[in-house]
Amino acid sequence: MADLREMAQYTPGGLEETWYRKWEKADLFGPAPDAIGQPFVITLPPPNVTGILHMGHCLGNSIQDTLVRWARMKGRPALWVPGTDHASIATEQVVSKRMAEQGLNKREAGREEFLRLAWEWKEQTHGRITNQIRRLGCSLDWSREAFTMDEARNRAVTEAFLRLRDKGLIYRDVYLVNWCPHDLTAISDDEVEHREVEGSLWHLRYPLADGSGHVTVATTRPETMFGDVAVAVHPNDPERSRFIGKRVRLPLTDREIPVIGDHHADPEKGTGFVKITPAHDPNDFQVGRRHGLPQVVCMTPSGVMNEEAGRFAGLDRKRARKEIVAALEAEGLLDKVEKHIHQVGHHDRCGTMIEPYLSRQWFLRMDQLAQPALKAVADGEIRLYPDRWVGVYNNWMENIRDWCISRQLWWGHQIPVWYCRDCGAETAAAATPTACSACGSTALERDPDVLDTWFSSWLWTFSPLGWPEDTADLARYHPTSVLVTAADIIFFWVARMVMASYEFRGEKPFGEVLFTGIVRDGQGRKMSKSLGNSPDPIDLMDKYGADALRCSLVMLTPTGADVFFDESTLEVGRNFCNKIFQATKLVLGNWDEAGLAVATGGVPAPRQLDLAAVAPAERWDAAPAASLRALWCGVFGGELPVDVTDDDLVLEDRWLLAQLHRVAADCDANLERRRLNDASYEVFNFFRHEFCDWYLESIKPRLRDEARRGPALVVAVLSLGISYKLLHPVMPFITEELWSRLPPASGFLMTSSFPTCSGPAPFAAEAAAFAEVMEIVGVLRNLRAELGVPPGLRGEGVLRTSEPQRRVALGACSGLVALLAKLERVVVGGDEPAPAPAGVGVAGAVEVFLPMAGLVDLEKERQRLQKELDKLEGWLQGTRAKLANERFTANAPALVVEQQRQSLAENEAKAATLAERIRALG
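Notes on the structure in this doc start here. (Residues numbered from 1 in each chain as written. Predicted model: local features only at pLDDT ≥ 70, side-chain atom pairs only at ≥ 80, totals over all residues. Heavy atoms only, no water.)

Moving on, we get to the overall build of the protein. Within the protein, the secondary structure is distributed over 29 helices and 31 strands. The principal-axis extent of the C-alpha atoms belonging to the protein is close to 115 × 85 × 55 Å. Looking at the protein as a whole, 54% of its 922 residues qualify as buried. Relative to all contacts within the protein whose residues are 6 or more apart in sequence, the contacts with residues 24 or more apart total 77%. Surface accessibility of the protein: about 39,600 Å² in total, with carbon and sulfur atoms responsible for 49%. Positive and negative charge centroids in the protein, built from 105 and 125 side chains respectively, lie 2 Å apart. (Helix = DSSP H or I, 4+ residues; strand = E, 2+ residues; numbered from the N terminus. Buried < 20%, exposed > 50% of the residue type's maximum accessible area, 1.4 Å probe, protein only. Contact = heavy atoms within 4.5 Å. Areas by Shrake-Rupley, 256 points an atom, 1.4 Å probe, with all protein chains shown as cover. Lys, Arg positive; Asp, Glu negative; His and termini not counted. Charge placed at Lys NZ, Arg CZ, Asp CG, Glu CD.)

Rendered as structure tokens:
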């Protein structure tokens, strides 16, 4: 950055990238070798390696970096572990599309060539997402970066699979799964997004085989009828149970199927007859198992009707539905059609409608794994913020289903099981076996499927630290401290990580889970590329700066709440950056003008900074100058550059020092409670209002006085230094830059001490006195505004109180009140007559007057007020008449009548005030 005096306003430009390179070159992102105490550890939720930074990342990563930087500055060994996710389905889709654009077919190219291209694409895109994370300022320890499909993580995934299989928790079975016809793979229940769809309910006639009539079934999916193997009725249904044992002819086929009795059929729902299709409906699958029914698959994996569909074979399921319905109608087998709104499952990745499909898959039994995870949250070993998510977590855990962990993809961790072509036995191993474990045959073929992406991600708190080996990192840094993640993956990831850690490590994965909300646009819609409402964070950072983006997101987002983002909110962060810059420019400009020299060397600043320990409140009250020297040494190290006596610290200095202690305590306490928005707002409010609006305005006359400016500049520079420290976790770049410009500062702000305050703030009496000054000034400013006094006119203020001691105290600070209220002087009195005409206000027990003489054209003001009163009287007259009208009060809604009465009362009071002000003008 250029000389501050030459810059009109703060512009981050290339400053942010420069500081990030300096931090990285100085190796500041890893745990400090000399750090002591309990480590503070976060593992970054790994973004897709082929993805790009989005607003959700910005929110989550800003929160994580705030916590990590805060812990690092408090002297704890702070570690933030970076990594990226291989994202099986997403990456496979991207690579397959790129191949198609080059005229290549994935299946024709073969697995080996596809994987070569996928790894090549991964290497090309990896740098994009990690550089974007760097751009945001994330202080990750890049020396520990992991990838969910690298060699070390592959060993961990294989080890986890083998251990679970040896325990009998992993099994392979033919089961009905959620199948994506587009991606040709099974997906878990948690990857299914249910959408409300307006469809139809078709009532179909199934003729009785004996020719005695028909039964009617209702279905939303007539194309699956070719997989029907029975029709069910409730065994206790008095009207329909007589059909049990009969047979019906399956429409459009030459097959007959039985009518069976099963409690799955609800006499009160639909027609009371239910078609049973075990290979295409999860409920029917269970019915089929209970009755030993065959499982007829009537579609191919790509959603095309197969030979079981007869003349409809080869048709896509959507087209087949239309033609089947037409054929049923033509044969008189379509009874009726009703509109029907229902929930339909779609793949959350590609949006394709899911097909319940019979397939041989690998599953993981979850009941046993869920018990320690439930207990951990119930016992408070793991805390969820906000705690409203505890109920959601418990409900899912208590009703957990087995996890389908296999996927029919090529990009991912290939299942470590080989099948013997001679005897059919399975051999599971970490390395490729040379022979069948059962018969010794060498004719082995590996399972082509890969594991669900989440099977590697659920190991994420400990696999990046070296598991399954017993590494020093694992012993030192696990369990981790906090997980920061979006609540929409509480089942996909959070719950599974808890289960994995207790299963493989016998301990919790983290002590806390901090859920972030969803980033939405101003209309409340979730931001997405498809809606075109998701801005590019890099563009925003180029325009506003990373600090402005981070500050706005963190400060304006309560814990766990959704973010209603509008680009205009970034103005808050950008304006605050400029406010910090301008305040620094003012103070340092005066510092340079005063020619203050800072002694180098001497006592270094401590690694931890507790303001109450540096100088307790009672010491400040007894020896202000000595305490100020101690605080200077605590913040910067070394000695004060000017001599300061106890008397040099005047009211505003002591008030600000008290506020510094308070804001340090409040900021640290809010970070401890994970209320990051409150922590950042505390410092924002202190710096913008208390430091800039009140303190800097209060000391301007002293800054022009060579004999008095030294102590004021010392307090101002101390305040800047402490403010930078408090703001650094949220706004790292500008604070590091401006810290480097402070004459007494040395080293990196990033590794300096974070201010806390474990005791009461000093100068309680002075803080109360200055608070009264602020209240009085506020009243005088309001009176100026109400009376329309031009900013350039300075009159006289009058304060009146009957308490003699209070008059003495007010007299001592009357000059400060006059300065801040922009008046020539302020007079303090007791029993004297009130000045008139004057604006009148009250500040506590003090009467406040602003005489109008010389400030206001009395006749012009009288005319203005009378015009306003006349207009108001007209409104009052009309409203009184309306409320006196019984037809209005009897027929208008009660709420409208009450609103009119309230408005009447408010405006009558306003009219009385206006009349009193007119009388006061004489």
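Bringing the packing of helix H16 (residues 570-594) against helix H23 (residues 732-741) into the picture now. Look at H16 against H23: their axes get within 11 Å of each other, and the N-to-C directions meet at 5°. Classified by the interaxial angle, the pair formed by H16 and H23 is roughly parallel. Only Ile-734, Leu-738 and Arg-741 of H23 make contact with H16, whose side of the interface consists of Cys-577, Ile-580, Phe-581, Thr-584 and Leu-588. A breakdown of the residues in the contact of H16 with H23 according to their chemical character gives 6 nonpolar, 1 polar and 1 charged. (Axes fitted to C-alpha atoms, helices over the stretch in contact; angles between N-to-C directions. Parallel < 35°, antiparallel > 145°, perpendicular 65-115°, else oblique. Nonpolar A, V, L, I, M, F, W, Y, C, P; charged D, E, K, R; others polar.)

What follows is about the packing of helix H21 (residues 676-703) against helix H26 (residues 814-821). At their nearest, the axes of H21 and H26 sit 10 Å apart, and the two run at 110° to each other. One way to sum up the angle between H21 and H26 is to call them roughly perpendicular. For the pair H21 and H26, the sense of crossing is right-handed. Contacts from Trp-694, Glu-697, Ser-698 and Pro-701 of H21 reach H26 at Leu-816, Leu-819 and Leu-820. In the contact of H21 with H26, the residues fall into 5 nonpolar, 1 polar and 1 charged. (Left-handed = near helix turned anticlockwise from the far one by under 90°.)

Turning to the nonpolar core, a few remarks are in order. Of all hydrophobic cores here, the largest spans 161 residues; its most connected members are Leu-67, Leu-628, Phe-691 and Tyr-695. Those residues in contact with Phe-691 that lie beyond four places of it in its chain are Ala-583, Val-587, Leu-656, Phe-686, Leu-696, Ala-716, Ser-719 and Leu-720. (Core = buried A, V, L, I, M, F, W, Y, C linked by side-chain atoms within 4.5 Å.)

Now for the sheet that holds strand S20 (residues 444-446). Strands sit in the order S19-S18-S20 across an open sheet of 3 strands; the sheet is antiparallel. Sheet topology places strand S19 (426-428) and S20 at the edges, where each strand pairs with a single neighbour. Across the sheet, the mean angle from the axis of one strand to that of its neighbour is 30°, orientation sign disregarded. Of the strand pairs in this sheet, strand S18 (residues 417-420) and S19 are connected by 3 bridges, and their pairing is antiparallel. From the neighbouring strand, Tyr-419 faces S19, where its bridge partner is Glu-426. (Pairing = 2+ DSSP bridges.)

Moving on, we get to empty space enclosed by the protein. One pass over the full model with this rule turns up 2 cavities of 30 Å³ or more. A volume near 120 Å³ is recorded for the largest cavity. Lining of the largest cavity is provided by 16 residues; of these, Ile-63, Thr-557, Pro-558, Thr-559 and Gly-560 occupy positions nearest its centre. Of all the secondary structure elements, the ones that give two or more residues to the lining of the largest cavity are helix H2 (55-73), strand S23 (510-516), helix H15 (546-555) and H21. Counting residues per element, the lining of the largest cavity draws most heavily on S23, at 3 residues. Taken together, the residues of the lining of the largest cavity break down into 9 nonpolar, 6 polar and 1 charged. Empty space within the second largest cavity amounts to approximately 40 Å³. If you trace the second largest cavity, you find it lined by Thr-66, Cys-667, Leu-671, Leu-676, Ala-679, Ser-680, Leu-726, Pro-729 and Val-730. Breaking the lining of the second largest cavity down by element, the ones donating at least two residues are helix H20 (651-672) and H21. No other element matches the 3 residues that H21 contributes to the lining of the second largest cavity. (1 Å grid on protein atoms, 1.4 Å probe; cavity = no way out; pocket = protein on both sides within 12 Å on 5 of 7 lines; lining within 4 Å. Points joined across faces, edges and corners; volume = space filled by probe spheres on them.)

For the rest of this paragraph, the subject is the state of the cysteines. Summed over all chains, the structure comprises 0 disulfides. Unpaired in terms of disulfides, Cys-423 finds its nearest cysteine sulfur in Cys-439, a separation of 3.6 Å. Left without a disulfide partner, Cys-551 is nearest to the cysteine sulfur of Cys-577, which lies 6.6 Å away. A relative accessible area of 2% means that Cys-551 is categorised as buried. (Disulfide = S-S within 2.5 Å.)

Once that is clear, we can look at the pairing of strand S2 (residues 78-81). The side-chain alternation of S2 yields two buried faces, one formed by Ala-78 and Trp-80 and the other by Leu-79 and Val-81. Following the backbone out of strand S1 (residues 40-43), through H2 and into the adjacent parallel S2, one traces a crossover that is right-handed. (Right-handed = clockwise from strand over helix to strand, strands pointing away.)

With that out of the way, let us pick up helix H29 (residues 894-920). Between its first and last C-alpha atoms H29 spans 39 Å; for 27 residues at 1.5 Å apiece the expected length is 39 Å, and the two agree. Among the residues of H29, those classed as buried are Val-897, Gln-900, Leu-904, Asn-907, Ala-911, Leu-914 and Ile-918. As for H29, its buried residues are in contact with helix H27 (858-884) and helix H28 (886-891). (Expected span 1.5 Å × (residues − 1).)

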